[in-house]
Amino acid sequence: QVQLVESGGGLVQPGGSLRLSCAASGSIFNIYAMGWYRQAPGKQRELVATITSVGSTNYVDSVKGRFTISRDTAKNTVDLQMNSLKPEDTAVYYCNFRRSIPRFDYWGQGTQVTVSS
């Protein structure tokens, strides 16, 4: 059974940094994209950043220039480096692995990120 486990969330002051990590346990194949999503209270879950198997990245406009996604394909891990954090970045962050064949999404349990003074 595949599980995604996130770590690295917490409380940080505006302008600070956090690094989120996600690791997959169990046998996992045909993953063509990994990503991070977030959900703030009262809002829908939104895509934050994704990275494909060939290293192509995509970011939501609000985090461009501040967040960096990276992956280690051999270890099945994906990280999100978050710099210059803002209060509006406060949310539960979820790790996602997308399998291509057959199509399936794996999700982590979520990690809380709170940006507040």
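Residues numbered from 1 in each chain as written. Predicted model: local features only at pLDDT ≥ 70, side-chain atom pairs only at ≥ 80, totals over all residues. Heavy atoms only, no water.

Peer 1: What should I look at first to understand the packing of aromatic side chains in this one?
Peer 2: Pairs of aromatic rings are described using the distance from one ring centre to the other and the angle between the two planes. With the rule as written, the count across this model stands at two aromatic pairs. Where Tyr37 meets Trp107, the ring centres are 5.0 Å apart and the plane angle is 70 degrees; that geometry is what we call edge-to-face. Taken together, the residues span a long stretch of sequence, with Tyr37 in strand 4 (residues 31-39) and Trp107 in strand 10 (residues 104-107) at a distance of 70 residues. Exposure remark for Trp107: the relative accessible area of 35% places this residue in the partly exposed category. Taking the centre distance of 4.9 Å and the plane angle of 70 degrees together, the rings of Phe104 and Tyr106 count as edge-to-face. The ring of Tyr94 has Arg45 lying over it, and the distance from NZ or CZ to the ring centre is 3.8 Å. Over the face of the ring belonging to Trp107 we find Arg45, whose NZ or CZ atom lies 4.7 Å from the ring centre. (Phe/Tyr/Trp six-rings, centres within 6.5 Å; stacked < 30°, edge-to-face > 60°. Helix = DSSP H or I, 4+ residues; strand = E, 2+ residues; numbered from the N terminus. Buried < 20%, exposed > 50% of the residue type's maximum accessible area, 1.4 Å probe, protein only. Lys NZ or Arg CZ within 6 Å of the ring centre and 35° of its normal.)

Peer 1: Is there a simple way to explain the pairing of strand 9 (residues 91-99) in this structure?
Peer 2: Every regular strand shows the same layout, with side chains that alternate between the two sheet faces. Burial analysis of strand 9 places seven of its nine residues in the buried class, the great majority of the element. Sheet analysis places strand 4 next to strand 9, joined by eight bridges and oriented antiparallel. By the bridge assignment, Tyr37 is partnered in strand 9 with Tyr94. Two elements, strand 9 and strand 10, share four bridges in a ladder whose sense is antiparallel. Its bridge partner being in strand 10, Phe97 is matched across the sheet by Tyr106. Counted along the chain from strand 9 to the antiparallel partner strand 10, the turn is four residues long. (Pairing = 2+ DSSP bridges.)

Peer 1: Would you mind going over the sheet that holds strand 1 (residues 3-7) with me for this structure?
Peer 2: Strand pairing within a sheet occurs via backbone hydrogen bonds; the two strands may be parallel or antiparallel. What the four strands build is an open sheet, ordered 1-3-8-7; its pairing is antiparallel. Of all strands in the sheet, those bounded by a partner on one side alone are strand 1 and strand 7 (67-72). Strand-to-strand twist across the sheet, computed as the mean angle between neighbouring axes with direction ignored, equals 15 degrees. In this sheet, strand 8 (residues 77-82) lies alongside strand 3 (residues 18-25) in antiparallel orientation, the contact comprising six bridges. Of the residues in strand 8, the one forming a bridge with Cys22 is Val78. (Axes fitted to C-alpha atoms, helices over the stretch in contact; angles between N-to-C directions.)

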